[in-house]
Amino acid sequence: TVRKRGVPLVPGSERGLGDEALIAAAKEIGFPIMIKAAAGGGGKGMRAVHDIGALAGAIGAARREAMAAFGNDEVYLEKLITNARHIEIQVLADSHGTTLSLNERECSIQRRHQKLIEEAPSVAVDEKLRKEMGKIAVAAAESVGYVNAGTIEFLFDGKDNSYYFLEMNTRLQVEHPVTELTTGIDIVKEQIAIAAGRKLRYKQKDIVPNGWAIECRITAEDPYNNFMPSTGIVSYLKEPTGPGVRVESSLYEGMEISLFYDPMIAKLVVWGETRAEAILRMRRALNEYRIGGIRTSIPFHQEIMESTEFMWGTFDTGFLSRRRVGGRRPHPTEYEQVAAVVAALLAHEEGRQAAMHVGGGESNGKGASSDYWKQAGRMRAQRGRW
């Protein structure tokens, strides 16, 4: 459908092909190729294949994963564009024939095809290219008579500024806040207005980038243990605040983090007048973020924000495959946090005096609760463990 509107596509196979037909199509497309699920995205049912010998097994594995995730094992093939960037265009379309591009988002920092960090605008896109890609995205949405908020996703080859349509997400996306912060448009509010049959209040000329926004997806995973899921009770929570800082989360102290849901537990978004200011604000916000009781991806994001490649904006979708996470000490555990608080309190005369009354449940007069002192007694009895 979008091909008829002049939207550039990644070379690939048609849908509905059997395994033998897919193998034949792969030979025509040329390696490397990507196997993709036809019924859904999010990295499920995707396999990169670099030679013909591995293709049959990869097709079978992709089909099984697609069936488990979407109840449909249909897959298709695309040419694998190496060292590309993932750039997407946010669109809004009403039922009165108006479709707008809200500019691009950069989503190239990914792990296993799952986005981890997003920003708007992209360092790889200039104003001329922004207008061109925006028009292509609008054409793609209009080709199917789309009405709602949606996202047109592209693979972008920075070597020659070529780009290829990947797919359309017909929904609000996780990373929509960076677009809201750089355009001043409340996308959710506009969705509701569109659903009510109203006309969009904006013209394309009104959509002008303002400043820079970055989003980090905070997940309940341990980046120092191959991103293994981390479960438990949120025992301590301190969210960052301040100018240009936005937190979207349902976390609260006492909340149970289980294995039965997506690992993303919060979104940390910052805005700055420049990209450099946005990075500095994100560093500060990450340093302030404290989630006790579970391991999170916060240390991972801290490393990325200090990466030279990220700061220069020279990364692509292969960034993490070339980089080994590690080297920075993770945020202290709740146990270590308590130990630090107790050590600080014991440095004062009042603290030493109050420590003698642990069993009495008294406060030390400095704002520390008796719970810290009770834990201090338990920790002192287990001194060999910390």
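Please refer to the structure higher up on the page.
Residues numbered from 1 in each chain as written. Predicted model: local features only at pLDDT ≥ 70, side-chain atom pairs only at ≥ 80, totals over all residues. Heavy atoms only, no water.

## Concerning the side chain of Glu153
Argument step 1. Here Glu153 lies in strand E7 (residues 148-157).
Argument step 2. At a separation of 2.6 Å, a polar atom in the side chain of Glu153 contacts the side chain of Asn169. (Helix = DSSP H or I, 4+ residues; strand = E, 2+ residues; numbered from the N terminus. Polar contact = N/O pair within 3.5 Å; in protein donor to acceptor, adjacent residues only side chain to side chain.)

## Observations regarding the nonpolar core
Argument step 1. Ranked by size, the top nonpolar core spans 35 residues in total, and within it Ile117, Ile214, Ile218, Ile291 and Met305 carry the most contacts.
Argument step 2. Contributing elements (two or more residues each) for this core: strand E6 (114-120), strand E9 (212-219), strand E16 (264-272), helix H6 (275-288) and helix H7 (298-305).
Argument step 3. Looking at this core element by element, the count peaks at 5 residues for H6.
Argument step 4. Beyond its immediate stretch of four places on either side in the chain, Ile117 contacts Glu106, Cys107, Ile109, Ile214, Glu215, Cys216, His301, Ile304, Met305 and Phe310.
Argument step 5. If you look at the next biggest cluster of nonpolar residues, it comprises 18 residues, including Val7, Ile87, Val125 and Ala140. (Core = buried A, V, L, I, M, F, W, Y, C linked by side-chain atoms within 4.5 Å. Buried < 20%, exposed > 50% of the residue type's maximum accessible area, 1.4 Å probe, protein only. Contact = heavy atoms within 4.5 Å.)

## Some thoughts on the sheet that holds E7
Argument step 1. One open sheet accounts for 8 strands, arranged E8-E7-E4-E5-E6-E9-E16-E14; its pairing is antiparallel. With partners counted over all chains shown, the strands left at the sheet margins are strand E8 (162-169) and strand E14 (245-249), one partner each. The average undirected angle you get between the axes of adjacent strands in this sheet is 25 degrees.
Argument step 2. In this sheet, E9 lies alongside E6 in antiparallel orientation, the contact comprising 4 bridges. Across the sheet, residue Glu118 finds its bridge partner in E9, namely Glu215.
Argument step 3. Across the sheet, helix H3 (residues 127-142) touches strand E4 (85-93), strand E5 (99-111), E7 and E8, and the angle it forms with E5 is around 105 degrees.
Argument step 4. Of the strands in this sheet, E6 and E9 are in contact with H7, which crosses E9 at around 150 degrees. (Pairing = 2+ DSSP bridges. Axes fitted to C-alpha atoms, helices over the stretch in contact; angles between N-to-C directions.)

## Observations concerning the pairing of E7
Argument step 1. E7 sits mainly inside the fold: 9 of its 10 residues count as buried.
Argument step 2. Here E4 pairs with E7 via 9 bridges, running antiparallel. Considered in E7, the bridge of Val91 is made with Gly150.
Argument step 3. Looking at chain direction, E7 and E8 are connected through 7 bridges and run antiparallel. Of the residues in E8, the one forming a bridge with Phe156 is Tyr163.

## Some words on the pattern of salt bridges
Argument step 1. Scanning the entire structure with this criterion turns up 23 salt bridges.
Argument step 2. Note that Glu119 is salt-bridged to Arg275, the shortest N-O span being 2.8 Å. Of this pair, Glu119 sits in strand E6 while Arg275 sits in helix H6, and the two are 156 residues apart along the sequence.
Argument step 3. A salt bridge links Glu248 to Arg246; the nearest nitrogen and oxygen atoms lie 2.6 Å apart.
Argument step 4. Judged by its relative accessible area of 24%, Glu248 falls in the partly exposed class.
Argument step 5. Via salt bridges that share partners, Glu88, Arg105, Lys115, Glu118, Glu153, Glu175 and Arg217 belong to a single interconnected network. (Salt bridge = Lys/Arg side-chain N within 4 Å of Asp/Glu carboxyl O.)

## Quick notes on helix H5 (residues 187-195)
Argument step 1. By the burial criterion, the buried members of H5 are Ile187, Glu190, Gln191, Ala193 and Ile194. Burial along H5 is one-sided: seen end-on, the buried residues are contained in an arc of 165 degrees. Facing away from the buried surface of H5 by more than 90 degrees, the exposed residues are Lys189, Ile192 and Ala195.
Argument step 2. With a side-chain oxygen lying 3.2 Å from the backbone nitrogen of Val188, the N-terminal cap of H5 falls on Asp186. (Arc of directions from axis to C-beta.)

## Structural notes on the environment of Gly272
Argument step 1. Mapped onto the secondary structure, Gly272 falls in strand E16.
Argument step 2. For Gly272, a relative accessible area of 0% puts it in the buried group.
Argument step 3. If we skip the residues at most four places from it in the chain, Gly272 touches Gly211, Trp212, Glu277, Ala278 and Arg281.

## Side note on a nonpolar patch on the surface
Argument step 1. Together, Leu259, Phe260 and Tyr261 make up an exposed nonpolar region whose accessible area comes to about 470 Å².
Argument step 2. Along the chain, Tyr261 falls in the loop between strand E15 (256-257) and E16. (Patch = residues over 30% accessible without salt bridge, like charges linked within 9 Å, V, L, I, M, F, W, Y side chains within 5 Å. Areas by Shrake-Rupley, 256 points an atom, 1.4 Å probe, with all protein chains shown as cover.)

## Examining the packing of H6 against H7
Any two packed helices are characterised by how steeply their axes cross, that is the angle between the axes, and by the distance between the axes.
Argument step 1. Between H6 and H7, the least distance of the axes is 10 Å, while the angle of their chain directions is 155 degrees. It follows from the interaxial angle that H6 and H7 lie roughly antiparallel. When you trace H6 past H7, the crossing you get is left-handed. On H7, the residues that touch Ile279, Met282, Arg283, Leu286 and Asn287 of H6 are Ile298, His301, Gln302 and Met305.
Argument step 2. Its residues assigned to classes, the contact of H6 with H7 shows 5 nonpolar, 3 polar and 1 charged. (Parallel < 35°, antiparallel > 145°, perpendicular 65-115°, else oblique. Left-handed = near helix turned anticlockwise from the far one by under 90°. Nonpolar A, V, L, I, M, F, W, Y, C, P; charged D, E, K, R; others polar.)

## A short note on H6
Argument step 1. In this model, H6 (14 residues) spans 20 Å end to end at C-alpha, consistent with the 20 Å of a helix rising 1.5 Å per residue.
Argument step 2. Those residues of H6 that fall on the buried side of the exposure criterion are Arg275, Ala278, Ile279, Arg281, Met282, Ala285 and Leu286. For H6, the angular spread of the buried residues around the axis is 165 degrees, confining them to a single face. (Expected span 1.5 Å × (residues − 1).)

Taken by themselves, the reported measurements are silent on function.
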